[in-house]
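Report on the structure
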Amino acid sequence: MTIYMQSAVRPLEAAPMAEAERKARVELAAAYRIFNMLGWVEMIFNHITVRVPGPEVRFLINPFGLHYSEITASNLLLIDTDGNPVREAKHPVNRAGFVIHSAIHGAIDGAHCVMHTHTTSGVAVACLKSGLSSDNFYGAMLHGQVAYHEFEGITVEEGERARLVRSIGAKQALILRNHGLLAWGPSVPEAFMVLWTLQRACDVQIAASAAGQVNPIRPEVFEQTVREGGPAEKRTCEDVFAALQRQVDARDPSYRD
């Protein structure tokens, strides 16, 4: 299994860092610390990426080998769609992260941020033939909004990129069958709110299924629930993320370095 990217031999740029990239680095580092605070951590695995504004598709990703609690604005890696670091890097790029995230950033114009997790209840629902249930408060907010992609093994083959994008279509929530959860959005807060809602839906679904027979939600309620749910409200997404970022700042603001 190829885990580490073998970058092409080419001179790295010494271009100064633009202010837009600096802001993106701080926001993305905050997201990693928020995930850590919420327990959405899989040792050194999984990824959150942010596309840096500019004419070329370049995105920030976590260095492979660091725990989410160690991520800072300065140690994030800036890479291109071929997985090559744009600047000198002390750590390698995880190939699975590159394949999944570069496919989405490269093919979906609005995919500013992509988030991927392997939480227990998320993977559990991903293993269910029926997939995500809409019969709970959070699942109802995502009714008809979730895409599915069949498991093809460890995501390191570039040929899977096109199939992954086809599976996603225009939906911002994706369940990778037998694998985990993924969400993308036009901003970090919006991607986060989609993923948080998807995660909560999985948590409640697994808990409810173990407790007894689930009460179904009436079909005519779904349209209103999707329209009024948190992921549909940009301001709500921003307020939620800002509140969690304040908690991270109170605990350890070193991610800003």
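See the structure above.
An account of the accompanying structure is given in this report. Worth saying up front: this structure is predicted, and the values here are computed from it rather than measured. (Residues numbered from 1 in each chain as written. Predicted model: local features only at pLDDT ≥ 70, side-chain atom pairs only at ≥ 80, totals over all residues. Heavy atoms only, no water.)

Another point: empty space enclosed by the protein. Scanning the model with the defined rule gives two cavities of 30 Å³ or more in all. When its volume is computed, the largest cavity comes out at roughly 40 Å³. If you go around the largest cavity, the residues you meet are His 149, Glu 150, Phe 151, Glu 152, Gly 153, Thr 155, Glu 160, Leu 176, Arg 177 and His 179. For the lining of the largest cavity, the per-class residue count stands at two nonpolar, four polar and four charged. (1 Å grid on protein atoms, 1.4 Å probe; cavity = no way out; pocket = protein on both sides within 12 Å on 5 of 7 lines; lining within 4 Å. Points joined across faces, edges and corners; volume = space filled by probe spheres on them. Nonpolar A, V, L, I, M, F, W, Y, C, P; charged D, E, K, R; others polar.)

Another point: the nonpolar core. Ranked by internal contacts, the top residues of the largest apolar core, which has 44 residues, are Phe 35, Ile 48, Met 115, Leu 132, Ile 175 and Phe 192. Beyond its immediate sequence surroundings of up to four residues, Phe 35 is in contact with Trp 40, Val 41, Ile 48, Tyr 68, Met 115, Thr 117, Phe 192 and Leu 195. Judged by nonpolar contacts, the second largest core, of 13 residues, contains Ala 111, Ala 147, Leu 164 and Leu 176. (Core = buried A, V, L, I, M, F, W, Y, C linked by side-chain atoms within 4.5 Å. Buried < 20%, exposed > 50% of the residue type's maximum accessible area, 1.4 Å probe, protein only. Contact = heavy atoms within 4.5 Å.)

A few words now on the environment of Arg 251. Here Arg 251 is to be found in helix H8 (residues 234-251). Residue class for Arg 251 comes out exposed when judged on its relative accessible area of 60%. (Helix = DSSP H or I, 4+ residues; strand = E, 2+ residues; numbered from the N terminus.)

Here we take up the packing of helix H1 (residues 19-38) against helix H6 (residues 188-211). Where H1 contacts H6, the two axes come as close as 11 Å, and the packing angle between them is 20°. In this view, H1 runs roughly parallel relative to H6, as classed from their interaxial angle. Considering only the axes of H1 and H6, their crossing is right-handed. Two secondary-structure elements touch here, H1 through Glu 27, Ala 31, Ile 34, Phe 35 and Leu 38 and H6 through Val 188, Pro 189, Phe 192 and Leu 195. Class assignment of the residues belonging to the contact of H1 with H6 gives a composition of eight nonpolar, no polar and one charged. (Axes fitted to C-alpha atoms, helices over the stretch in contact; angles between N-to-C directions. Parallel < 35°, antiparallel > 145°, perpendicular 65-115°, else oblique. Left-handed = near helix turned anticlockwise from the far one by under 90°.)

Its 24 residues place the ends of H6 35 Å apart at the C-alpha level, agreeing with the 34 Å of an ideal helix rising 1.5 Å per residue. Within two residues after H6, Gly 212 carries a phi angle of roughly 155°, on the positive side. (Expected span 1.5 Å × (residues − 1).)

This part covers the side chain of Asp 80. With respect to the secondary-structure elements, Asp 80 resides in strand S3 (residues 77-80). Judged by its relative accessible area of 15%, Asp 80 falls in the buried class. Only 2.9 Å separates the side chain of Asp 80 from the backbone nitrogen of Asn 84, close enough to count as a polar contact. (Polar contact = N/O pair within 3.5 Å; in protein donor to acceptor, adjacent residues only side chain to side chain.)

What follows concerns the pattern of salt bridges. In the structure shown here, the tally under the stated rule is 13 salt bridges. Between Glu 158 and Arg 161 there is a salt bridge, with the nearest N and O atoms lying 3.8 Å from each other. Put simply, Glu 21, Arg 25 and Arg 87 are held in one network by salt bridges that share partners. (Salt bridge = Lys/Arg side-chain N within 4 Å of Asp/Glu carboxyl O.)

On to unusual backbone geometry. Despite not being glycine, Met 43 shows a phi value in the positive range, around 55°. Structurally, Met 43 can be placed in the loop between H1 and strand S1 (47-51). Judged by relative accessible area, Met 43 falls into the exposed class, the value being 60%.

Bringing the pairing of strand S2 (residues 58-61) into the picture now. The alternating pattern of S2 places Arg 58 and Leu 60 on one face and Phe 59 and Ile 61 on the opposite face, and all of these are buried. Here S1 runs beside S2; their pairing, made up of two bridges, is antiparallel. Residue pairing in the sheet places Val 50 in a bridge with Leu 60 of S2. Where S1 folds back on S2, the antiparallel hairpin that results is connected by six residues, among which Gly 54 adopts a positive phi of roughly 155°. (Pairing = 2+ DSSP bridges.)

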